[in-house]
Amino acid sequence: MTTLIKNGTIVTSQRTYRADLLIENETIKDIAESIPAANPERVIDATGLLLLPGGIDVHTHLDMPFGGTTSADDFETGTKAAAFGGTTTLIDFAIQPKGTRMRDALDTWWKKADSKASIDYGLHMIVTDLGEAGLEDMDSLVGEGVASFKLFMAYPGVLMVDDATIFKALGQTAKNGALICMHAENGGVIDVIVQRALAEGKRAPIYHALTRPVKAEAEAVHRAIAMAEISGAPIYIVHLSSEDALNEVREARDRGVPAFAETCPQYLLLTVDELARANFEGAKYVFTPPLREKHHLDKLWQGLREDHLQVVSTDHCPFCFKDQKTLGIDDFTKIPNGGPGVENRLQLIHHHGVNQGRLNLNRFVELVSTTPAKLFGLYPKKGEIAVGSDADIVIWDANADHVISAATHHMRVDYSMFEGFHVKGNAKIVLSRGEVIVENDKFIGRTGRGRYLKRQARGGAWS
Ligand code: URP
Ligand code: ZN
Ligand code: ZN
């Protein structure tokens, strides 16, 4: 199958230029000012449109058990919703139940994704327990393409691991080249504050945010980076939410430490006030770390601009308001933590970043596609528009008007965190490995066509 995309404007992390692009089967075969249409099966006229490398969302939770329920999108609905928004690769999290082998968790997540994923996907492993063989298991998972591991400094008794475990895992990645992704919040301190709040009868959603202070995030980021530095391993802070935490990352990077961090659209665009919504609607915004005061938002945008933050992911972890968030109607600690967003990342960052003059187009591409590919072992197959790369291409209409709403989105969840947000810029046609999977606002790919991506560990080549 050959597809010729004519007259588009290619945007990479490095440059923006007009060119034709030829796809043969799954890969980009040629890019040139003008490519004659010598019998391609399909010609797409992209006049006035941008060609972006497919979005890569390195932080999603599909079909994930949490707090007695399961996230509302599975690999079928979640990957389709992602595709509608221009994301053609995601990296989800397998979870090692305590006392079990990581390999079993990998099999479990392969089963969840296999025959359901419609875009390509990788898996991180959430390590809850190193046990006897955990460090060797980490090495063998790297051999299976699991080039990153998430550890929790929060959720004591459930997912949290102690500093010794973190330090051992970091030491292992210093040798095997994988990347530790850290959920950095001081879980012990937060738990004490939460118990005090409950004892005082404070049970509404807003107390989720008020019991998780910014300093509990910044302290954990500082500690995580210090442990990484002692181990000689790189570190990646997930869902960074505050200026104070950002300062810790910036200070480390300024000293040349290979510390990286992502933030998410919700931390860039929403504030803690959302959790005070009436009629329990604040529960829609309960996730960790929590939303912060308004003054943090500009600092995070500045961090993205100045490369103190390298990635925008979504932490897509949807729970329906009616049937799932209400598990915590009498007690904020029982509200399943997480919010939906996999479909809206490119729209929101393009509109509020590029259109508002906070980011240029190339930096936008770098944040949502190229750097995620580089950090997580997928580059240059993914995250790039170049000859030989996978033909994961988003034909982007920078002038398309769109209003985000649960009434029209494709995520299997009954609300949107960004309900009513107007954005200019949206995916018009989405190709995954050369195949058009979204066109005319319809998913036309085959369910289950997505492939597991065996990712490369970087082996210490961090810059
Ligand atoms: O509240 C959140 N973020 N839920 C998803 C799990 C995590 O910590 O990333
Ligand atoms: Zn987390
Ligand atoms: Zn998450």
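Visitor: Quick question: what am I supposed to make of the overall build of the protein chain here?
Guide: Broken down by element type, the protein chain carries 12 helices and 19 strands. The dimensions of the protein chain, computed from C-alpha atoms along their principal axes, are 70 × 50 × 40 Å. Considering the protein chain as a whole, with its 463 residues, one finds that 63% of them fall into the buried category. Across the protein chain, every contact between residues at least 6 apart in sequence was considered, and the portion connecting residues at least 24 apart equals 76%. Total accessible area computed for the protein chain in this model is approximately 16,800 Å², and 49% of it derives from carbon and sulfur atoms. The average position of the 50 basic charges and that of the 60 acidic charges among the side chains of the protein chain differ by 1 Å.

Visitor: Mind showing me how you'd approach the state of the cysteines here?
Guide: Here a disulfide denotes one covalent bond, and it connects the sulfur atoms of two cysteines. Overall, the coordinates contain zero disulfides when judged by the stated rule. For Cys 181, which is in no disulfide, the shortest distance to another cysteine sulfur is to Cys 264 and amounts to 12 Å.

Visitor: Explain the environment of Glu 24 here, please?
Guide: Tracing the backbone through its elements, the reader meets Glu 24 in strand E2 (residues 16–24). A C-alpha to C-alpha distance of 23 Å links Glu 24 and Leu 90, two positions 66 residues apart in sequence.

Visitor: Please explain the coordination of the zinc ion (ligand 2) as it appears in this structure.
Guide: Tetrahedral coordination by four donors places them ideally at 109.5 degrees to one another around the metal; octahedral coordination by six donors ideally gives 90 or 180 degrees. The protein atoms that coordinate the zinc ion (ligand 2) are Lys 150 (NZ), His 183 (ND1) and His 239 (NE2), at distances of 2.1 to 2.2 Å. One chain supplies every donor for the zinc ion (ligand 2), spaced along it as K-x32-H-x55-H. The metal-metal distance between the zinc ion (ligand 2) and the zinc ion (ligand 3) comes to 4.0 Å. In this pair, His 183 sits in strand E12 (residues 179–183) while His 239 sits in the loop between strand E13 (235–237) and helix H8 (243–254), placing the two residues 56 residues apart along the sequence. With relative accessibility at 1%, the residue His 183 sits in the buried group.

Visitor: Would you mind showing me how to read the layout of surface pockets here?
Guide: Empty space among the atoms becomes visible once a probe the size of a water molecule is rolled across them. A volume near 760 Å³ is recorded for the largest pocket. Lining the largest pocket we find 39 residues, and of these Phe 66, Tyr 155, Val 158, Leu 159 and Asn 337 sit closest to its centre. Contributing elements (two or more residues each) for the lining of the largest pocket: strand E7 (65–66), strand E11 (148–152) and helix H5 (187–199). No other element matches the five residues that H5 contributes to the lining of the largest pocket. Looking at side-chain class alone, the lining of the largest pocket contains 20 nonpolar, 13 polar and six charged residues.

The rules behind these values
Residues numbered from 1 in each chain as written. Chains lettered and ligands numbered in written order. Predicted model: local features only at pLDDT ≥ 70, side-chain atom pairs only at ≥ 80, totals over all residues. Heavy atoms only, no water. Helix = DSSP H or I, 4+ residues; strand = E, 2+ residues; numbered from the N terminus. Buried < 20%, exposed > 50% of the residue type's maximum accessible area, 1.4 Å probe, protein only. Contact = heavy atoms within 4.5 Å. Areas by Shrake-Rupley, 256 points an atom, 1.4 Å probe, with all protein chains shown as cover. Lys, Arg positive; Asp, Glu negative; His and termini not counted. Charge placed at Lys NZ, Arg CZ, Asp CG, Glu CD. Disulfide = S-S within 2.5 Å. Donors = N, O, S within 2.8 Å, 3.2 Å for Na, K, Ca; no water. 1 Å grid on protein atoms, 1.4 Å probe; cavity = no way out; pocket = protein on both sides within 12 Å on 5 of 7 lines; lining within 4 Å. Points joined across faces, edges and corners; volume = space filled by probe spheres on them. Nonpolar A, V, L, I, M, F, W, Y, C, P; charged D, E, K, R; others polar.

Keep in mind these numbers describe shape, not what the thing actually does.
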